[in-house]
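Analysis of the macromolecular model
Read off the chains here:
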Amino acid sequence: MPELQSCRTPLWNEIPLIDGHNCLGVVVARGGSKGLPRKNLADLCGRPLVAWSLDAANRSELLDCVVMSSDDEEILAAAQAAGCDNLIRRPAALASDTAPVADTLIHAADAMDRSFDYLVLLAATSPLRNETDIDACIRACHPNAPAAVTVCETPKPAEWICRLDPTGRLVALVPGEGLQTRRQDIAPAYQPNGAVYVARSDWFREHRTFYDDLTVASIMPASRSIDIDTETDLIVARLTAADTLHVGKQPK
């Protein structure tokens, strides 16, 4: 059984928060990172990235329990300093670049001494997602689908995306006349933004993925969809967060 530490706060609500079903929120953060070393502890307006995700999760109206999963003692300490006492020490085998995220989520769920109807994965690298985004994704999943993920609109239409053939000529990924079509005449396209993943627990244990023909989307604005992987991403997140804090509201 994975180790779960709990100090002051209760592990879960006594009454499930969404139609008699309960939801486990798991904030995940590895100690290692090749693109931006120690990024999960990077400073964002005076707080580490992990604190932003924990704050949003704790403000959620639908998460019955929030835990922090990490292989890194400093990250776990930062989580506890941010008010999270439900800490799961992840083994090194689940903290490599190649470790499946499904294994990490199931490891966290197995640390509980009760089962949950829904599992909600929250990566610390999406610090600008808020509690509204989390709850909207849970509602998109329940009771409509086995899984839901957050998405944002692509910066450019999918019809404009190309590959190059060996001679350097353009090959449109989407067949048709899209390359010659005005943007305003093309339906919006969306991409997963990595902010919130939700799945029915039993379904996820069987399929070990959030993606299926039945997966539904929960749309988020681009301003809250920043996924921090590089120094540039962090700079953009800092500018966005600073502006948000200055005006006293969430980014639109």
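Residues numbered from 1 in each chain as written. Predicted model: local features only at pLDDT ≥ 70, side-chain atom pairs only at ≥ 80, totals over all residues. Heavy atoms only, no water.

**Brief notes about helix 3 (residues 101-110)**
- Among the 10 residues in helix 3, 7 count as buried, and that is most of the element.
- Taken together, the buried positions of helix 3 are Ala102, Thr104, Leu105, Ile106, His107, Ala108 and Ala109.
- Contacts from the buried residues of helix 3 go to strand 2 (23-28), strand 5 (65-70), strand 6 (87-89), strand 7 (118-123) and helix 5 (201-207). (Buried < 20%, exposed > 50% of the residue type's maximum accessible area, 1.4 Å probe, protein only. Helix = DSSP H or I, 4+ residues; strand = E, 2+ residues; numbered from the N terminus. Contact = heavy atoms within 4.5 Å.)

**A word on the pairing of strand 2**
- Of all the 6 residues making up strand 2, 6 are buried; the element is thus mostly covered by neighbouring parts of the structure.
- Side chains of strand 2 alternate between two faces, with Cys23, Gly25 and Val27 and Leu24, Val26 and Val28 buried alike.
- Sheet analysis places strand 2 next to strand 7, joined by 6 bridges and oriented parallel. From the neighbouring strand, valine 27 faces strand 7, where its bridge partner is leucine 122.
- Of the strand pairs in this sheet, strand 2 and strand 5 are connected by 5 bridges, and their pairing is parallel. Residue pairing in the sheet places valine 27 in a bridge with methionine 68 of strand 5. (Pairing = 2+ DSSP bridges.)

**Regarding the environment of arginine 182**
- By the element assignment, arginine 182 lies in the loop between strand 10 (170-172) and strand 11 (190-200).
- When its relative accessible area of 49% is taken as the criterion, arginine 182 is described as partly exposed.
- A sequence separation of 39 residues divides arginine 182 from proline 221, and the C-alpha atoms of the two residues are 22 Å apart.
- A distance of 2.9 Å separates the side chain of arginine 182 from the side chain of aspartate 185, its partner in a polar contact. (Polar contact = N/O pair within 3.5 Å; in protein donor to acceptor, adjacent residues only side chain to side chain.)

**Structural notes on the packing of aromatic side chains**
- On inspection of all chains with the given rule, the structure shows 2 aromatic pairs.
- Ring centres of tyrosine 197 and phenylalanine 210 lie 5.1 Å apart, and the angle between their planes is 40°; this geometry places the pair in the tilted category. Note that tyrosine 197 is positioned in strand 11 and phenylalanine 210 in the loop between helix 5 and strand 12 (216-219), a separation of 13 residues in sequence. For the residue pair tyrosine 197 and phenylalanine 210, the accessibility class agrees, reading buried in each case.
- With a centroid separation of 4.7 Å and 40° between ring planes, the pair formed by phenylalanine 204 and phenylalanine 210 is classed as tilted. We note that phenylalanine 204, like phenylalanine 210, is buried.
- Ring-pair connections join several aromatic residues into one group, and the members of that group are Tyr197, Phe204 and Phe210.
- Between the NZ or CZ atom of arginine 114 and the centre of the ring of phenylalanine 116, over which it lies, the distance is 5.3 Å. (Phe/Tyr/Trp six-rings, centres within 6.5 Å; stacked < 30°, edge-to-face > 60°. Lys NZ or Arg CZ within 6 Å of the ring centre and 35° of its normal.)

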